Amino acid sequence: QVQLVESGGGLVQPGGSLRLSCAASGIIFSFYHMGWYRQAPGKQRELVALIASAGSTNYADSVKGRFTISRDNAKNTVELQMNSLKPEDTAVYYCNAKGTWVDYWGQGTQITVSS
């Protein structure tokens, strides 16, 4: 059974930082591209950051220079360090594992950026 479990969400003030973590089980983690997506109310889910199985990274323009994605294949985890958070970063953040033929999703964790 595949599980992606996110943690680290919450309420933070503008300019603050949060670190999201996603623990994966039931997959050969190192084979999968791992990503973080987010969905704000009334909007479509969008890619935030992606880290390939080989380690290359890709970011949405809106988070470049503020967010950093990393993975630990020994621990089967992927993390998203979020700095200089803005109110427009408020959304539910989802962990994603993308294989050749399958996609797996976590349950999501809420990030609210507000003073």
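Bear in mind the structure is a predicted one, so any value in this text is a computation, not a measurement. Residue numbers run consecutively from 1 along every chain, following the written order of its sequence. Selection of residues for local features in this predicted model requires a pLDDT of at least 70, selection of side-chain atom pairs for listing and counting requires 80 or more, and totals for whole chains, interfaces and linings are taken over all residues. Side-chain measures here rest on the full set of heavy atoms in the structure, leaving out hydrogens and waters.

## Looking at the environment of Ser21
Relative to the elements of secondary structure, Ser21 occurs in strand β3 (residues 18–25). Its relative accessible area of 18% is what places Ser21 among the buried residues. For the pair Ser21 and Gln81, spaced 60 residues apart in sequence, the C-alpha to C-alpha distance is 8.7 Å. The contact criterion used is simple: two residues touch if any of their non-hydrogen atoms lie within 4.5 Å. When residues no more than four places from it in sequence are discounted, the contact partners of Ser21 are Val5, Glu6, Ser7, Trp36, Val78 and Glu79. A run of H or I in DSSP becomes a helix once it reaches four residues, and a run of E becomes a strand once it reaches two; helices and strands are each numbered from the N terminus. Any residue under 20% of the maximum accessible area for its type is buried, any over 50% is exposed, and the rest in between are partly exposed; the area is computed with a 1.4 Å probe on protein chains only.

## Examining the pairing of strand β8 (residues 77–82)
Counting buried residues in β8 gives 5 out of 6 residues, a clear majority hidden from the surface. Bridge count for β3 against β8 is 6 bridges, and the pairing is antiparallel. Residue Leu20 lies in a different strand from β8, and its bridge partner there is Leu80. Any two strands with at least two DSSP-identified bridges between them are counted as paired. For strand β7 (residues 67–72) and β8, the ladder comprises 6 bridges, and the chain directions are antiparallel. When the sheet's bridge partners are listed, Phe67 is paired in β8 with Met82.

## Focus: the state of the cysteines
Sulfur atoms of two cysteines make up a disulfide when they are within 2.5 Å. Considering all chains together, one arrives at 1 disulfide under this definition. For Cys22, the disulfide goes to Cys95, at an S-S distance of 2.1 Å. An S-S torsion of about -80 degrees defines the bridge between Cys22 and Cys95 as left-handed. You can see Cys22 sitting in strand β3 and its partner Cys95 sitting in strand β9 (residues 91–98), a full 73 residues away along the chain. Taking relative accessible area as the criterion, Cys22 reaches 0% and is therefore assigned buried. Using a relative accessible area of 0% as the deciding quantity, one classes Cys95 as buried.

## What about the pattern of salt bridges?
For this analysis, a salt bridge means a side-chain nitrogen from Lys or Arg found within 4 Å of a carboxyl oxygen belonging to Asp or Glu. Applying the stated criterion across every chain, the model contains 6 salt bridges. With a shortest N-O distance of 2.6 Å, Arg19 and Glu79 are connected by a salt bridge. Here the residue Arg19 occupies a position in strand β3, and Glu79 occupies one in strand β8, the gap between them amounting to 60 residues. Relative accessible area serves as the criterion here: at 41%, Arg19 is assigned to the partly exposed category. We classify Glu79 as partly exposed; its relative accessible area is 24%.

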